[in-house]
Amino acid sequence: MRAVLAQPDFRRLWAARTVSQWGDIFSFVALAILIYRLTGSGLGVAGVVVAEIVPVLLIAPVAGVVVDRLPRIQVMVAADVLRAALAGVLVVWHDDPLVIYAVAFGLSAGAAFFNPAANSVLPSVVADRETVAANSAVWTAAVLSQVVLAPLAGGLVALVGSGWAFGINAASFLVSALALRDLRLVEPPGEVGPLRLLADARDGVALVCRDRLLRALAIGQLLAALSAGATSALLVVLAAEHVRAPADAYGILVGAIGVGAALGPTLLLRLIPDPRRPLYVFGPYVLRGVVDLVLASVRSLPFAAAALAVYGVGTSTGAVTFNSLLQSYVTDRTRGRIFALMDLLWQSGRLASLGVGGLLADTVGIRAVYYLGGILLLLAAAVGFAASRTPAPSHEAAPPKSGLSNGQARVGKPQPSGALRISPTSSTADRYGPTRSPGRSSLPSRSRRAWKPGAARAVVPLRAPVRPPTTDARGAAAPMGAPTHAVCPAPRRRPGPFRSRSGNTPVIGPVRPAAVPTDHGALTTSGTGTSTERR
């Protein structure tokens, strides 16, 4: 983590997110205390939670499209300025519950834009191999801030009132905006065409449904939210009714989770060189599921605290590997939509879990909540492991009809043996499967492999390039936009730029239109456009 924190650009991004997290902690504690004083009911406090979840459900799909289409730094700065203004309202006007609910709604709406943009921009700030360390630094700072500042925020609200806490929150958003304003990134060009919010949002959902790994990550995210929403909120009930611990034991259990969550990223970086694999994303689900089952079975406070420390390790390592895998697996053009969709699934599962978990605890008992939570987490792990081991069907990653074409998904449709995946308008990095951030792309070994002379020829149909062929195989004029074909085999060695040693073997690159017999006896035409990148 020291290496990434030494980089000025990442340090700005890290400082902006950390300072904003400080303000969120003060605001969260102050809102809970203030609304309880004004309403005197737990239902009023639950209303704040609902006001924070509903904006994500309504705005997240559109927010993901905005993050993918507009400069992400500007989106983050605008979200910070908006949230600073809303937090400033509560500094002078915090005696009306309706105003508090409205401000909580607005703060969450701003976060629905800020969080996907922050997660999407991180791979443009650090090298690909440093994404795990960068996410670990962000997560560790957030956990330590919560452990240290939450008690301080409660004391500040008790001594001087809640207005000061909201003022600190507003100032933190302004500091974050100032830090991000001077962050200069070379972002790839946005998608061309009109801004179609709903259509592009549907394309993001279609991408997740079509890709095997993204689908497994989405299912795991939803199942984990259905588990953690109730188990985290009802931990105080578990401590009182099942463990039968004293009143201050709840703080001990929460502190144990914080200690484990702070240690998790450090252990991850020390023990695993590159954990961006499905095993290290879905494995923490197993760890957390076992802990939930243990908590429902034991009554010892020290044992429960130790188990929750392990749970914290699983939570932090799972979050770091989850974000890092998404940032490396998904291309920059769709990253905002994918992260926004994951936020939507998390908040949806969390909201459903709070309602079902509370009802289950009152009717059956708190142990049933934790047994069910453990089963859901184990099911999420099983789905992930099955998806990572099962070969993907050939139709699963077919290119979409609109919005996400031209190589936006890093995992394209599986090709026959010896075929090359070609997209005439995509970049070289997008043509050859999983790539890195712009400027750090490297072609995998299969793209550099030479074809053996006499090998079976794979004919790959292409869309018309920018400069369509002017003649067909017979020398007649070809219509604009007509489909053409490119012959992909190339000799292992080629002495010249366009001809092989024998003079009759097709090579990769611009060639003159000529009728070339394929293995099936058909005639295809190689056009004047570049069929693949020259090697």
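Preceding this section is the structure that the text describes.
Residues numbered from 1 in each chain as written. Predicted model: local features only at pLDDT ≥ 70, side-chain atom pairs only at ≥ 80, totals over all residues. Heavy atoms only, no water.

Caption draft 1: Region of interest: the overall build of the protein. Along the backbone of the protein there are 17 helices and four strands. Across the 535 residues in the protein, those meeting the buried criterion constitute 47%. Considering only intrachain contacts with a sequence separation of at least 6, the fraction spanning at least 24 residues in the protein is 79%. Taken as a whole, the protein presents about 25100 Å² of accessible surface, with 65% of it coming from carbon and sulfur. (Helix = DSSP H or I, 4+ residues; strand = E, 2+ residues; numbered from the N terminus. Buried < 20%, exposed > 50% of the residue type's maximum accessible area, 1.4 Å probe, protein only. Contact = heavy atoms within 4.5 Å. Areas by Shrake-Rupley, 256 points an atom, 1.4 Å probe, with all protein chains shown as cover.)

Caption draft 2: Representation of the nonpolar core in the model. Grouped together as the largest cluster of nonpolar side chains are 30 residues, with contacts concentrated most on Leu-214, Leu-217, Phe-282, Tyr-285, Leu-326, Ile-338 and Met-342. Residue assignment for this core shows that the elements contributing at least two residues are helix 3 (42-69), helix 8 (197-210), helix 9 (212-233), helix 12 (278-295), helix 13 (301-329), helix 14 (335-363) and helix 15 (366-389). Per-element tally for this core: the top contributor is helix 9, with seven residues. Among residues more than four places away in sequence, those in contact with Tyr-285 are Gly-220, Gln-221, Ala-224, Leu-377, Ala-380 and Ala-381. Counting 27 residues, the second largest nonpolar core, distinct from the first, contains Leu-13, Phe-114, Val-138 and Ala-177. (Core = buried A, V, L, I, M, F, W, Y, C linked by side-chain atoms within 4.5 Å.)

Caption draft 3: Quick peek at the packing of helix 13 against helix 14. Where helix 13 meets helix 14, the axes come as close as 10 Å, and the angle between the chain directions of the two elements is 150°. When the axis of helix 13 is compared with that of helix 14, the two are roughly antiparallel. Between helix 13 and helix 14 the crossing geometry is right-handed. On the side of helix 13, the interface is formed by Phe-322, Asn-323, Leu-326 and Gln-327, while helix 14 contributes Arg-335, Ile-338, Phe-339 and Met-342. Per-class residue counts for the contact of helix 13 with helix 14 are five nonpolar, two polar and one charged. (Axes fitted to C-alpha atoms, helices over the stretch in contact; angles between N-to-C directions. Parallel < 35°, antiparallel > 145°, perpendicular 65-115°, else oblique. Left-handed = near helix turned anticlockwise from the far one by under 90°. Nonpolar A, V, L, I, M, F, W, Y, C, P; charged D, E, K, R; others polar.)

Caption draft 4: Quick look at the pattern of salt bridges. In the structure shown here, the tally under the stated rule is 10 salt bridges. A salt bridge links Arg-276 to Asp-128; the nearest nitrogen and oxygen atoms lie 3.1 Å apart. Of this pair, Arg-276 sits in the loop between helix 11 (249-271) and helix 12 while Asp-128 is found in the loop between helix 5 (97-125) and helix 6 (131-160), placing the two residues 148 residues apart along the sequence. As far as burial versus exposure is concerned, Arg-276 and Asp-128 are alike and both buried. In this structure, a network of salt bridges that share partners links the residues Asp-68, Arg-72, Asp-332, Arg-335 and Arg-337. (Salt bridge = Lys/Arg side-chain N within 4 Å of Asp/Glu carboxyl O.)

Caption draft 5: Looking closely at the packing of aromatic side chains. Taken as a whole and judged by the stated rule, the model has two aromatic pairs. Plain terms: the ring middles of Phe-282 and Tyr-285 are 6.2 Å apart, the flat faces sit at 55° to each other, and that makes the pair tilted. A residue pair is termed a helical-turn pair when its members lie 3 or 4 positions apart in one helix, as Phe-282 and Tyr-285 do in helix 12 at three residues. Given the relative accessible area of 0%, Phe-282 is considered buried. Arranged with centres 6.4 Å apart and planes meeting at 70°, the rings of Phe-282 and Phe-385 form a pair that is edge-to-face. Placement of the pair is Phe-282 in helix 12 and Phe-385 in helix 15, with a sequence separation of 103 residues. Since its relative accessible area comes to 23%, Phe-385 is described here as partly exposed. (Phe/Tyr/Trp six-rings, centres within 6.5 Å; stacked < 30°, edge-to-face > 60°.)

Caption draft 6: Seen up close, helix 4 (residues 72-92). The terminal C-alpha atoms of helix 4 lie 32 Å apart, and with 21 residues this matches the ideal 30 Å at 1.5 Å per residue to within 8%. Turning to helix 4, its buried residues are Arg-72, Ile-73, Val-75, Met-76, Val-77, Ala-79, Asp-80, Arg-83, Ala-84, Ala-87 and Leu-90. (Expected span 1.5 Å × (residues − 1).)

Caption draft 7: How the structure looks around helix 10 (residues 235-242). Buried residues of helix 10: Leu-235, Leu-238, Ala-239 and His-242, and no others. Down the axis of helix 10, the buried side of the element spans an arc of 110°, and every buried residue falls inside it. Downstream of helix 10 by a residue or two, Arg-244 has a phi angle that is positive, lying close to 55°. (Arc of directions from axis to C-beta.)

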